[in-house]
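Secondary and tertiary structure notes
Listed below are the residues making up each chain.
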Amino acid sequence: MSANTDSLFTATDINGVSLRNRLAVAPMTRVSADEDGTATETMARYYERFARGGFGLVVTEGIYTDKAFAQGYFHQPGITDEGQAQAWRPVVDAVHRHGTRFFAQLMHAGAISQGNRSRDATVGPSAVQPKGQQMEFYRGKGAYPMPAAMTEEQIADAVEGFAASAARALSAGFDGIEIHGANGYLIDQFLTDYANRRDDRWGGDTRRRTTLVRSVFEAVRARVGAAVPVGVRISQGKVNDFTHKWAGGDQDAEAIFGTLAEAGASYIHVTEHKVWEPAFDGGRDSLVALARRYAPHVPLIANGGVQDAARAQEVMAAGADIVALGKAALANPDFPNRIRAEQEVSAFDPAILGPIANIKPSELTA
Ligand SMILES: Cc1cc2nc3c(=O)[nH]c(=O)nc-3n(C[C@H](O)[C@H](O)[C@H](O)COP(=O)(O)O)c2cc1C
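Residues numbered from 1 in each chain as written. Predicted model: local features only at pLDDT ≥ 70, side-chain atom pairs only at ≥ 80, totals over all residues. Heavy atoms only, no water.

1. Notes on the overall build of the chain
Helix and strand content of the chain: 13 helices and 12 strands. Taken against the 2.2 N^0.38 rule, which gives 21 Å for 366 residues, the C-alpha radius of gyration of the chain at 19 Å falls within 12% of a compact globule. When its C-alpha atoms are laid out on the principal axes, the chain stretches across 55 × 45 × 40 Å. Counting over 366 residues, the chain shows a buried share of 61%. Long-range contacts, defined here as pairs at least 24 residues apart, represent 71% of the contacts in the chain between residues at least 6 apart. Summed over its atoms, the accessible surface of the chain is roughly 13900 Å², and 49% of this surface lies on carbon and sulfur atoms. A gap of 1 Å separates the mean positions of the 37 positive and 43 negative side-chain charges of the chain. (Helix = DSSP H or I, 4+ residues; strand = E, 2+ residues; numbered from the N terminus. Rg over C-alpha atoms; globule rule 2.2 N^0.38 Å. Buried < 20%, exposed > 50% of the residue type's maximum accessible area, 1.4 Å probe, protein only. Contact = heavy atoms within 4.5 Å. Areas by Shrake-Rupley, 256 points an atom, 1.4 Å probe, with all protein chains shown as cover. Lys, Arg positive; Asp, Glu negative; His and termini not counted. Charge placed at Lys NZ, Arg CZ, Asp CG, Glu CD.)

2. A short note on the site of the ligand
Neighbouring the ligand are 19 residues; Pro-27, Thr-29, Asn-303, Gly-305 and Lys-327 lie closest to it. Take Thr-29: an N or O atom from its side chain is 2.5 Å from an oxygen atom of the ligand. One of the side-chain N or O atoms of Arg-233 is found 2.8 Å from an oxygen atom in the ligand. Computed on the free molecule, the ligand has an accessible area of 610 Å², of which 88% lies beneath the protein chains in the complex. Taken together, the residues of the shell around the ligand sort by class into 6 nonpolar, 10 polar and 3 charged. (Near = heavy atom within 4 Å. Polar contact = N/O pair within 3.5 Å; in protein donor to acceptor, adjacent residues only side chain to side chain. Nonpolar A, V, L, I, M, F, W, Y, C, P; charged D, E, K, R; others polar.)

3. Details of the side chain of Arg-221
By the element assignment, Arg-221 lies in helix H7 (residues 211-224). Among buried charged residues, Arg-221 stands out as having no salt bridge; its nearest opposite-charge side chain is Glu-218, 9.9 Å away. In this structure the side chain of Arg-221 is engaged in a polar contact, spanning 2.7 Å, whose partner is the backbone oxygen of Val-228. Residues within four places of Arg-221 in sequence aside, it is in contact with Asn-15, Ala-226, Val-228, Val-230, Gly-264 and Ser-266. (Salt bridge = Lys/Arg side-chain N within 4 Å of Asp/Glu carboxyl O.)

4. Here we look at the packing of aromatic side chains
Enumeration over the complete set of coordinates arrives at 13 aromatic pairs. Residues Tyr-46 and Tyr-47 carry aromatic rings whose centres are separated by 4.9 Å and whose planes lie at 70 degrees to one another, so their mutual orientation is edge-to-face. Across this residue pair, the class does not change: Tyr-46 and Tyr-47 are buried. Members of the aromatic cluster, each reached through a chain of ring pairs, are Tyr-46, Tyr-47, Phe-50, Phe-55, Trp-88, Phe-102 and Phe-174. Over the face of the ring belonging to Phe-69 we find Arg-119, whose NZ or CZ atom lies 4.8 Å from the ring centre. The ring of Tyr-194 has Lys-131 lying over it, and the distance from NZ or CZ to the ring centre is 4.0 Å. (Phe/Tyr/Trp six-rings, centres within 6.5 Å; stacked < 30°, edge-to-face > 60°. Lys NZ or Arg CZ within 6 Å of the ring centre and 35° of its normal.)

5. Observations regarding the sheet that holds strand E12 (residues 322-325)
As summarised here, the arrangement of the 8 strands in space is E3-E4-E5-E8-E9-E10-E11-E12, forming a closed barrel in which the pairing is parallel. Shown here is a sheet whose adjacent strand axes are inclined to one another by a mean of 25 degrees, direction ignored. Note: strand E3 (residues 23-25) against strand E4 (residues 57-64), 2 bridges, orientation parallel. Looking at the pairing, Ala-24 lines up with Leu-57 of E4. (Pairing = 2+ DSSP bridges. Axes fitted to C-alpha atoms, helices over the stretch in contact; angles between N-to-C directions.)

6. Concerning the UniProt feature "domain: NADH:flavin oxidoreductase/NADH oxidase N-terminal" (unreviewed entry) in the chain
UniProt feature "domain: NADH:flavin oxidoreductase/NADH oxidase N-terminal" (unreviewed entry): in the numbering of this structure it lies at residues 7-342. Secondary structure content for residues 7-342 is 33% helix and 15% strand, and the end C-alpha separation is 15 Å. (UniProt positions renumbered as here; feature names shortened; annotations may be inferred.)

7. A few points about the nonpolar core
By size, the foremost hydrophobic cluster in this structure holds 101 residues, and its most contacted members are Tyr-47, Trp-88, Ile-179, Phe-257 and Val-270. With near-sequence residues (within four places) excluded, Trp-88 lies in contact with Ala-39, Met-43, Tyr-47, Thr-60, Glu-61, Ile-63, Pro-77, Gly-78, Ile-79, Phe-102, Ala-172 and Phe-174. Core analysis: the next-biggest nonpolar cluster, separate from the first, contains 11 residues, Leu-19, Ala-26, Phe-103 and Ala-324 among them. (Core = buried A, V, L, I, M, F, W, Y, C linked by side-chain atoms within 4.5 Å.)

8. Focus on helix H1 (residues 41-52)
The end-to-end C-alpha distance of H1 is 16 Å, a good match for the 16 Å that 12 residues give at a rise of 1.5 Å each. Of all the positions in H1, only Met-43, Ala-44, Tyr-46, Tyr-47, Glu-48, Arg-49, Phe-50 and Ala-51 are classed as buried. Buried residues belonging to H1 abut E3, E4, helix H3 (89-96), strand E5 (101-107), helix H11 (327-331) and helix H13 (361-365). Residue Gly-54 follows H1 closely and has a positive phi angle near 105 degrees. (Expected span 1.5 Å × (residues − 1).)

Okay, structure coming up:
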């Protein structure tokens, strides 16, 4: 092994759960569940490749959390009942077989749902038309519909969906929970100034807009207990608004990361287009540096644009404990093993995600 990649291969832990190295697979929705949201054999084989390839941690794709408004995409997996939970069991076992940890990412799509078996309508913090266009590679088309502003009861149901799903994920064997607070989905909609126009306790300034993420975190923590890793994913950009920046800059970073640290998050997972670049125009600090500053003792996963070992090490030097790879992991499911063996890594080919972003047979044989 080349001495200069050693730092990627040291062990670490998140809330007492040990990881054999610092390389993680980022959550990636692949719409390869059955129509009823049941995880499949194809998914087990897909996730197992990353474990066999040496990743210390795999985070699942976003899993929907309730049978009301949470589902975002047709053929997205859910964990809304015992049947769906137990369907994850063989997937979890396949990953564990290779000594890799497996965290379940829990997701509520909110106003940017574009495929929900349970509902035609969508909900969000406020009746604000989402920016952007539905994603065709997830079977969507055209503008997002206008969501209804969530009632207190609907918010309570959504929070309970996360908590109950977290408990089911543990019963399926997952090692930890990632709350999806990023990328434009429900929790991020509440964090976002233009999407959350509420004047009740769920809206207002940035601190007040963190009320939902804090409530979800606390409900999950109360349900799963202190010993389980419960982290939160945070971003500025959104699938429907790639270049969004927090208007309050550093102060927003302090409000959001500070809230998660105070709440007791087991880790924070930040994602940016290029996670090493300055977070704000004219600024110097990356989101990694800001999370490190405002949540100094919270383990940090960083994701976005990393495609080689040198960049991964640079991101760790800036303050990340773990680096998560998305597209580079799709191109190299054995990225850690390749790095260790000093082999070339392959470039990502976007064709893999077209025309639909489902798991392709060629991925399972490669
Ligand atoms: C096909 C695809 C599906 C994705 N699905 C999710 C998801 O379910 N949850 C999530 O938090 N991020 C999702 N992402 C974002 C990735 O986790 C990651 O943030 C993004 O690809 C940038 O990192 P990269 O440059 O390493 O690919 C997805 C990305 C891709 C390419």
